[in-house]
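Working through the structure, step by step
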Amino acid sequence: MSIRDVLQMASGVDWNEDYADPESDVATLPGPIVDQTRYMAGLEELHPPGEVFNYNTGETNMAGAVLRAAIGNNLSTYLEHKIWGPFGMEAKANWLLHEEGGGELGGCCINATLRDYARIGIFAMNGGVLRDGTRVLPEGWMEESTTPSDGYDGYGYLWWLTGDGVFAGIGIFGQYLWMDPSSNTVIVTHSAWPYATNAEYSRHRAALVAALADAVR
């Protein structure tokens with residue numbers, strides 16, 4: 001499979017992301033990245049890569065490991081030097097590690113303030129450019145990453161898509177980062193739902209976001 005397949009959650013491997021199932025892959029994935037890599041390499045292939053969408057947190061951890069190897073540095077240090085400091089985030093943040101002294105989790109757990117998460121949204125929505133106009137992300141990267149994938153038109157490179165130019169980062173327990181470039185709007189929620197995912201709670205959040213979005217359009 002390609003890195004693109006992994007970023008689009010379309011590797012084709014057998015993976016169970018059920019947060020309520022203690023026997024699911026996401027619940028039993030080992031902590032250390034070396035053990036995670038062995039676990040992921042042992043998964044059965046169900047579909048040809050790039051064809052079928054199946055949300056897979058293990059793959060985001062693998063994407064983080066690939067990035068760490070490519071830059072030869074810690075992900076948090078790289079983020080600090082490339083975006084956090086230069087963009088002017090107002091507060092410190094921390095990033096959960098696989099294990100003590102290990103690397104950062106690629107698929108989870110950057111702990112930051114609500115407003116700094118909104119600044120991440122502004123950075124992404126504006127194509128990966130700093131406030132002074134300095135380009136950090138390659139030209140066209142955000143456009144490519146928010147293009148619907150072959151496996152599922154509601155997903156790009158780790159972004160959820162709605163089909164009208166809006167894209168979002170959606171976390172478990174109610175975390176949400178919503179961006180609409182057409183109205184230059186970013187909406188963020190920090191949350192602690194009692195469930196990792198919940199249809200009723202999601203409907204309430206969607207209604208809130210829709211009301212806020214309508215108010216600024």
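As a starting point, this report considers the structure included with it. (Residues numbered from 1 in each chain as written. Predicted model: local features only at pLDDT ≥ 70, side-chain atom pairs only at ≥ 80, totals over all residues. Heavy atoms only, no water.)

1. Some remarks on the state of the cysteines
As a reminder, the rule being used: By convention in this document, the label disulfide applies to cysteine sulfur atom pairs within 2.5 Å. Exposed residues in this analysis have more than 50% of their type's maximum accessible area, buried residues have under 20%, and partly exposed residues fall in between, with area computed by a 1.4 Å probe over protein chains only.
Going through the model one piece at a time under the given rule, you end up with one disulfide. Between the sulfur atoms of C108 and its disulfide mate C109 the distance is 1.7 Å. Given an S-S torsion of about 40 degrees, the disulfide between C108 and C109 has right-handed geometry. Judged by its relative accessible area of 33%, C108 falls in the partly exposed class.

2. A closer look at the pairing of strand β6 (residues 185-189)
Looking along a regular strand, one sees side chains alternate from face to face of the sheet. What counts is decided by this rule: Helix and strand definitions here come from DSSP, where helices need a minimum of 4 consecutive H or I residues and strands a minimum of 2 consecutive E residues; each element is numbered from the N-terminal end. For two strands to be treated as a pair, DSSP must find no fewer than two bridges joining them.
Along β6, four of the five residues are buried, which leaves the element largely enclosed by surrounding structure. In this structure, strand β5 (residues 176-180) lies alongside β6, joined through five bridges in antiparallel fashion. Within the sheet, the bridge partner assigned to W178 lies in β6 and is I187. The hairpin formed by β5 and β6 contains four residues between the paired strands, and N184 there has a positive phi angle of roughly 55 degrees.

3. What to know about the side chain of D180
The cut-off we apply is this: The contact definition used throughout considers only heavy atoms, calling two residues in contact when any of these lie within 4.5 Å.
Relative to the assigned elements, D180 resides in strand β5. Not counting residues up to four positions away in its chain, the partners in contact with D180 are M125, V166, T185 and R217.

4. Comments concerning the side chain of R205
Threshold: Positive charge is attributed to Lys and Arg, negative charge to Asp and Glu, and no charge count is given to His or to the chain ends. The term salt bridge refers to a pairing of a side-chain nitrogen on Lys or Arg with a carboxyl oxygen on Asp or Glu at a separation within 4 Å.
When you line up the elements, R205 lands in helix α8 (residues 199-216). E200 is the oppositely charged side chain nearest to the buried, salt-bridge-free R205, at an N-O distance of 13 Å.

5. Section: unusual backbone geometry
Although it is not a glycine, M9 sits at a positive phi angle of roughly 55 degrees. Within the fold, M9 resides in the loop between α1 (3-7) and α2 (25-28). Judged by its relative accessible area of 1%, M9 falls in the buried class. Even without a glycine there, the phi angle at L158 is positive, about 70 degrees.

6. Quick look at helix α4 (residues 57-71)
How we decide: Any helix carries an expected span of 1.5 Å times its number of residues minus one. Polar contact is the term for a pair of N or O atoms within 3.5 Å; when the atoms are in protein, one must be able to donate a hydrogen and the other to accept it, and sequence-neighboring residues count only if both atoms are side-chain atoms.
Taking 1.5 Å per residue, 15 residues should reach 21 Å; α4 reaches 22 Å between its end C-alpha atoms and fits that length. Three or more residues of α4 are buried, namely T57, G58, E59, T60, N61, M62 and G64. The N-cap of α4, judged by a side-chain oxygen 2.9 Å from the amide nitrogen of G58 a few residues on, is N56. Backbone geometry just downstream of α4 places G72 in the positive-phi region, at approximately 65 degrees.

7. Points about the packing of aromatic side chains
Keep this limit in mind: Two aromatic rings from Phe, Tyr or Trp, using only the six-membered ring of Trp, form a pair when their centres are within 6.5 Å; if the ring planes differ by under 30 degrees the pair is stacked, by over 60 it is edge-to-face, and anything between is tilted. Throughout this description, the term charge over a ring refers to an Arg CZ or Lys NZ atom that lies within 6 Å of the ring centre and within 35 degrees of the ring normal.
On inspection of all chains with the given rule, the structure shows 12 aromatic pairs. Between the aromatic rings of F53 and W160, the centroid separation amounts to 5.8 Å while the plane-to-plane angle is 75 degrees, which identifies the pairing as edge-to-face. One end of the pair, F53, is in the loop between α3 (33-41) and α4; the other, W160, is in strand β3 (residues 160-161), with 107 residues separating them in the sequence. With a centroid separation of 6.0 Å and 85 degrees between ring planes, the pair formed by F87 and F123 is classed as edge-to-face. With F87 in helix α5 (residues 75-87) and F123 in helix α6 (residues 114-125), this pair connects stretches of sequence that are 36 residues apart. Residues F87 and F123 agree in their burial class; the two are buried. The cationic tip of R131 hangs over the ring face of F87; the distance from NZ or CZ to the ring centre is 4.6 Å.

8. Some words on the pattern of salt bridges
In this structure the tally under the stated criterion is seven salt bridges. Between R4 and E144 there is a salt bridge whose closest N-O contact spans 3.2 Å. Residue R4 is found in helix α1, and its partner E144 is found in helix α7 (residues 141-145); the two are separated by 140 residues along the sequence. Across the pair R38 and D35 runs a salt bridge, and its minimum N-O distance is 3.2 Å. Separated by three residues within a single helix, R38 and D35 lie in helix α3, roughly one turn from each other. Take R38: its relative accessible area is 57%, and that puts it in the exposed class.

On their own, these measurements won't tell you what the molecule is for.
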